[in-house]
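Given next are the chains, with one letter for each unit.
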Amino acid sequence: MLERRARAWSRTVRQALDAGDVEAAAALVRDEWSALVTTDPSCVRETIQALPDSLWQADAWLLLGLASSSYGSPDSVERAGATLFLKESQRLVALGRPPGVSAEIELMTRFGFAKHQRSIGRFDRAAAELDELTTALALTDDVPFEWRLAMDARLQLELSLVDWHRAGFDTGDSSIGPALALAEDSLYPEEQVAAYGLAGLQAVIAENPERADLWFDRALAAAEATELGSDPSEIPLAESTAMAPALFAHALTLLDRGRLDAAGEVVPLLERLSTGSEWRAYTAVFTATRLLLLRRYTDALESLRLARQLSRKWEDAILLDALSYGVRLGIEIGLRRPHAVDPVAGRTTDARHVFCSGRYLGWLQLSQGQYQEAIEEIEECIRLGDGHARGTLIDVLLIDTTARAALGDAVGSATSLDYALALGAESGIRRAFLHLPLAQLVPLLASARTRPQPAAVVALLDELGATFESAAEPVLRLSEREHQILVALGEGRTARELSQELFISPNTMKTHLRHIYRKLGVASRDEAIQMGHRLGITHRSPSI
């Protein structure tokens, strides 16, 4: 098998050192480490440290290489050293460009700082550094045209990534355009993969899943086209941090399509390749979102805790905060603790209402049985109509459907439901339908079947019915009193306590319990509570 690029590079560097040509070895390291660090950080780290200590300790670019190759290391000592290397590199750059250091090296060193700031969630600082670099590049004459072109593409890619984190729902396609245009000719393979992944994320936000699929395929193809050797320490580009944006976009697309099992299969790889970067926090929020849709509220809460821990030092992380708020709201509603959520914190609303305060407040009101108030919260959203992101609009229409049904407005409820179904059939979005409790959703779907519907909506009803009706059957079989008892059991109350609260005899309570066990297909109280938890009926009450 062919020797892979990083090892061949390292061997050439060591041959130069053995021949006594330290400057040639250093030049080889400076020229190549940034192209190799994503897929072979250990080789980069070892090769830089093979140079004389006095050389790399006084070179900002080489110190940055050591920092970059150490951040994702499983060794805690190496990760701690990365911070020290970065600080020393920053100190040297602040002293000014020393004699013999090219403009390209100085600009790339500063660019490395900006990338690091982004990777640890300091998005404002990264944006400021990138803006300064853009100006510095424009004022620098002594760099080759091709290098300037590639550097400009890198700056545009990095600025687009930062903008995504700061406000991804308002980021257009234009910012990534220059990087995409120059990706194949001017960017390193890992940068190409990241650019295609970011384009996929923008397609997800624009609710164009087919285009997101195309960008994911393109990123994967670019990653797999990179030549690999036999050394097991090399990280395949398709499993490196560069692939994180593309895989995250792919995972979100699977969620939007309601393919929760397929989305779950992506999680282990997403967790592995995002470690050591800002994408690990997004992965935790994604996992929480999937668990929420599966009605595994306690597990979702744990994933959300992890996301909060990973991002505790982030700055201006508007997108992550908005994503986290929506998931937190859903969890607390599922746990029947809507008052645990600050409604003011959810008032982030972007131009297309991808994140919509009306929707959040509508769900809060609906969860508390305040149906008229829920309708009032979403009035503006209803008026905006197709100006909404379609996923949000389906959510809003389902709030309206449920609230009007509870108020006895059958006509208004049916109108909103049919509109939501038409949007779901057209867009392929299924995720919004997973937000409703099964006991509410299944009767609504049954009512829609009694009305004339377009063929696409009939197909959607068949799909949703096959997905939800069998799962909801145990819920629908329970009587109102049995449902009440199961909820109370899940809250920790005993059968004796419930007998007293409900003014029924112990024998009657035993009869209710036998009926609950039979209808849920379980044999004990604990199994009934666990089944109720999976169905979204019973919940534990952890704190966050």
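Residues numbered from 1 in each chain as written. Predicted model: local features only at pLDDT ≥ 70, side-chain atom pairs only at ≥ 80, totals over all residues. Heavy atoms only, no water.

Undergrad: For this particular structure, what's the right way to read the packing of aromatic side chains?
TA: For any pair of aromatic rings, the description rests on two quantities: the centre-to-centre distance and the angle between the ring planes. Under the counting rule described, the total for this entry stands at nine aromatic pairs. When the ring of W33 is compared with that of W61, the centres are 4.6 Å apart and the planes differ by 45°; the resulting orientation is tilted. Separated by 28 residues along the polypeptide, W33 in helix α2 (residues 22–36) and W61 in helix α5 (residues 60–70) bring together distant segments of the chain. Plain terms: the ring middles of Y282 and W314 are 5.9 Å apart, the flat faces sit at 45° to each other, and that makes the pair tilted. Placement of the pair is Y282 in helix α15 (residues 279–293) and W314 in the loop between α16 (297–310) and α17 (318–334), with a sequence separation of 32 residues. The exposure classification of Y282 matches that of W314, with both residues buried. Grouped by ring-pair contacts, the aromatic residues F123, F248, W279, Y282 and W314 constitute a single cluster. (Phe/Tyr/Trp six-rings, centres within 6.5 Å; stacked < 30°, edge-to-face > 60°. Helix = DSSP H or I, 4+ residues; strand = E, 2+ residues; numbered from the N terminus. Buried < 20%, exposed > 50% of the residue type's maximum accessible area, 1.4 Å probe, protein only.)

Undergrad: What should I look at first to understand the state of the cysteines in this one?
TA: Disulfides are covalent bonds that connect the sulfur atoms of two cysteines. Counting across every chain of the model gives zero disulfides. Residue C381 stays outside any disulfide, its sulfur separated by 3.4 Å from that of C356, the closest cysteine. C381 sits in the buried class, given a relative accessible area of 2%. (Disulfide = S-S within 2.5 Å.)

Undergrad: Just to check I follow, could you spell out unusual backbone geometry for this structure?
TA: Generally, phi is negative for residues other than glycine and the peptide bonds are trans, each holding for most cases. Of note in the backbone geometry, E207 takes a positive phi value of approximately 60° without being a glycine. Relative to the helices and strands, E207 resides in the loop between α11 (189–205) and α12 (209–224). The exposure class of E207 is buried, given its relative accessible area of 15%.

Undergrad: How do you make sense of α17 when you look at a structure like this?
TA: For an α-helix, the turn length of 3.6 residues means that residues three or four places apart are oriented alike. The end-to-end C-alpha distance of α17, which contains 17 residues, comes to 24 Å, matching closely the 24 Å that a straight helix rising 1.5 Å per residue would cover. For α17, the complete set of buried residues consists of L319, L320, A322, S324, Y325, V327, L329, G330, I331, E332 and G334. On its buried face, α17 is in contact with α9 (145–167), α15, α16 and α18 (357–367). Count one or two residues on from α17 and you reach R336, which has phi positive near 60°. (Expected span 1.5 Å × (residues − 1). Contact = heavy atoms within 4.5 Å.)

Undergrad: Mind showing me how you'd approach the packing of α5 against helix α7 (residues 103–119) here?
TA: The axes of two packed helices give the description: the angle between them and the distance between them. Across the interface, α5 lies against α7 with an axial gap of 9 Å and an inter-helix angle of 30°. When the interaxial angle is binned, α5 and α7 end up roughly parallel. Relative to α7, the crossing made by α5 is left-handed. Contacts between α5 and α7 involve A60, W61 and L64 on the former and, on the latter, I105, M108, T109, G112 and F113. (Axes fitted to C-alpha atoms, helices over the stretch in contact; angles between N-to-C directions. Parallel < 35°, antiparallel > 145°, perpendicular 65-115°, else oblique. Left-handed = near helix turned anticlockwise from the far one by under 90°.)

Undergrad: Just checking my understanding: could you explain the confidence of the model for the protein chain for this structure?
TA: The predicted coordinates ought not to be read in detail in places where the model reports low pLDDT. Chain-level statistics for the protein chain give a pLDDT mean of 83 and a share of 89% at 70 or above. Overall, residues 540–544 carries pLDDT values under 50, and its contacts beyond four positions in sequence, including any with other chains, amount to 16 contacts. (pLDDT = per-residue confidence, 0-100.)

Undergrad: Would you mind going over the pattern of salt bridges with me for this structure?
TA: Pairing between side chains of opposite charge can happen when the charged atoms of each approach one another. Evaluation of the coordinates by the stated rule reveals 27 salt bridges. Residue E191 is joined to R154 by a salt bridge in which the shortest nitrogen-to-oxygen separation is 2.8 Å. With E191 in helix α11 and R154 in helix α9, this pair connects stretches of sequence that are 37 residues apart. For E191, a relative accessible area of 9% puts it in the buried group. Its salt-bridge partner being R449, residue D462 comes within 3.0 Å of it at the nearest N-O pair. Within this pair, whereas D462 is found in helix α24 (residues 455–477), its partner R449 is found in helix α23 (residues 438–449), the two being separated by 13 residues in sequence. By relative accessible area, which is 43% here, D462 ends up partly exposed. Among the charged side chains, a salt-bridge network with shared partners connects R110, E129 and E132. (Salt bridge = Lys/Arg side-chain N within 4 Å of Asp/Glu carboxyl O.)

Undergrad: For this particular structure, what's the right way to read the nonpolar core?
TA: Side chains of a nonpolar character, in soluble globular proteins, are inclined to be buried together. Residues W33, F286, I331 and L421 are the most contacted members of the largest nonpolar core, which totals 155 residues. When neighbours within four sequence positions are excluded, W33 is seen to be in contact with W9, V44, I48, W61, L64, G65 and S68. Core analysis: the second largest hydrophobic core is formed by 17 residues, L478, L513, L520 and A528 among them. (Core = buried A, V, L, I, M, F, W, Y, C linked by side-chain atoms within 4.5 Å.)

Undergrad: How should the packing of α2 against α5 be read in this particular structure?
TA: It is the contact of α2 with α5, at a shortest axis distance of 10 Å, that shows an interaxial angle of 30°. Taken as a pair, α2 and α5 cross one another with a handedness that is left-handed. Residue-level contacts link V29, R30, W33 and S34 of α2 to W61, L62, L64, G65 and S68 of α5. Looking at the contact of α2 with α5 residue by residue, the class counts come to five nonpolar, three polar and one charged. (Nonpolar A, V, L, I, M, F, W, Y, C, P; charged D, E, K, R; others polar.)

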